[in-house]
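So you can see what is in the structure, the chains are spelled out below.
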Amino acid sequence: MEKFKVGVIGGTGMVGQRFVTLMEDHPWFQLTAIAASPRSAGKTYEEAVGPRWAMTSPMPESVKKMVVLDASKVEEVASQVDFIFCAVNMPKDEIKALEEAYAKAECPVVSNNSANRFTPDVPMVVPEINADHIEIIPAQRKRLGTKRGFIAVKSNCSLQSYVPALHPLMKEFGVN
């Protein structure tokens, strides 16, 4: 199977680092771009992160020499990937603008941020529970004027951990 080329936006922060470690030897995804702030851009990933590596596992060898891109150069980053995971640490209005810019560049965005969680046509997906929520994406694409680009968000970490366990109780036994 051919792997999807993915990018991590906000790759030098803690959540971005986690995405980077999850991509190592992934059966479906090949990490082809890491982007961050202009102060990290142009450096190797190892230099950009430096002593801030927060993971318990070592930095994957495959990413140490990757050159970090400037996340604000949307077209440059989007041209290298099939989609991005977004984990930037910015004010919410800036995150929304950045994620929309990627979507409008026809680059699908899977966001770890809360900025778009209450945007009506952006699905917040917990795949085991509400995968059908992706059906709103055509409406979002119409609003954004895109054919391929869109934004989908994940729920916050707390919900992600207990909702899959509670959902069957709610569905089968009426627990609310």
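Quick look at the structure, then. A quick note: this is a predicted structure, and the numbers were derived from the prediction, not measured.

1. Some points on the overall build of the protein chain
The number of helices and strands found in the protein chain is 8 helices and 6 strands. Helices and strands in the protein chain line up, N terminus first, as β-α-β-α-α-β-α-β-α-β-α-α-β-α. Taking 2.2 N^0.38 as the reference for a compact globule, 176 residues should give roughly 16 Å; the C-alpha atoms of the protein chain span a radius of gyration of 17 Å, in line with that estimate. For the protein chain, the spread of C-alpha atoms along the three principal axes comes to 55 × 40 × 40 Å. Taken across its 176 residues, the protein chain has 45% of its residues classed as buried. Pairs at least 24 apart in sequence give 70% of the contacts found in the protein chain among residues at least 6 apart. Accessible surface, the protein chain: about 10,000 Å² in total, of which carbon and sulfur atoms supply 58%.

2. A closer look at unusual backbone geometry
With a phi angle near 55°, Asp25 is a residue other than glycine that sits in the positive phi range. If you trace the backbone, Asp25 turns up in the loop between α1 (14–23) and β2 (29–36).

3. Brief notes about helix α5 (residues 92–104)
Taking 1.5 Å as the rise per residue, α5 with 13 residues should run 18 Å; its terminal C-alpha atoms sit 18 Å apart, in good agreement. Among all positions in α5, only Ile95, Leu98, Glu99, Tyr102 and Ala103 are buried. Buried residues of α5, viewed axially, fall in a sector of 140°; they line one side. Residues of α5 that are buried sit in contact with β1 (4–9), α4 (74–78), β4 (83–86), β5 (109–111), α7 (137–144) and β6 (151–153). Positive backbone phi, approximately 65°, marks Glu106, located one or two places after α5.

4. A short note on the nonpolar core
Judged by nonpolar contacts, the single largest core of 24 residues is most densely connected at Ile9, Ile84 and Tyr102. Elements with a contribution of two residues or more to this core: β2, α4, β4, α5 and β6. Once residues lying within four places of it in the same chain are set aside, the contact partners of Ile84 are Gly7, Ile9, Tyr102, Cys107, Pro108, Val109 and Val110. Residues Val20, Met23, Leu31 and Val49 belong to the second largest nonpolar core, which totals 21 residues.

5. Here's the deal with the pattern of salt bridges
In this structure the tally under the stated criterion is 5 salt bridges. Ionic pairing is found between Glu61 and Lys64, a salt bridge with its closest N-O pair at 2.8 Å. Of the two residues, Glu61 and Lys64 both sit in helix α3 (residues 61–64), 3 residues apart, roughly one turn of that helix. Look at Glu61 and you get exposed, because its relative accessible area is 59%.

6. Observations concerning the environment of Gly174
Looking at the element boundaries, Gly174 is found in the segment after α8 (157–173). For Gly174, a relative accessible area of 53% translates into the label exposed. Between the C-alpha atom of Gly174 and that of Phe118, which follows or precedes it by 56 residues, the distance is 26 Å.

7. A word on the pairing of β4
Judged by which residues are buried, β4 turns out to be covered on both faces: Phe83 and Phe85 on one side and Ile84 and Cys86 on the other are all buried. Pairing analysis gives 4 bridges linking β1 to β4, with the strands arranged parallel. Within the sheet, the bridge partner assigned to Val8 lies in β4 and is Phe85. Two elements, β4 and β5, share 3 bridges in a ladder whose sense is parallel. If you follow Ile84 over to β5, its bridge partner there is Val109. Since β4 and β5 lie parallel, the crossover through α5 that links them has a hand, and here it is right-handed.

What counts, and at which threshold
- Residues numbered from 1 in each chain as written.
- Predicted model: local features only at pLDDT ≥ 70, side-chain atom pairs only at ≥ 80, totals over all residues.
- Heavy atoms only, no water.
- Helix = DSSP H or I, 4+ residues; strand = E, 2+ residues; numbered from the N terminus.
- Rg over C-alpha atoms; globule rule 2.2 N^0.38 Å.
- Buried < 20%, exposed > 50% of the residue type's maximum accessible area, 1.4 Å probe, protein only.
- Contact = heavy atoms within 4.5 Å.
- Areas by Shrake-Rupley, 256 points an atom, 1.4 Å probe, with all protein chains shown as cover.
- Expected span 1.5 Å × (residues − 1).
- Arc of directions from axis to C-beta.
- Core = buried A, V, L, I, M, F, W, Y, C linked by side-chain atoms within 4.5 Å.
- Salt bridge = Lys/Arg side-chain N within 4 Å of Asp/Glu carboxyl O.
- Pairing = 2+ DSSP bridges.
- Right-handed = clockwise from strand over helix to strand, strands pointing away.

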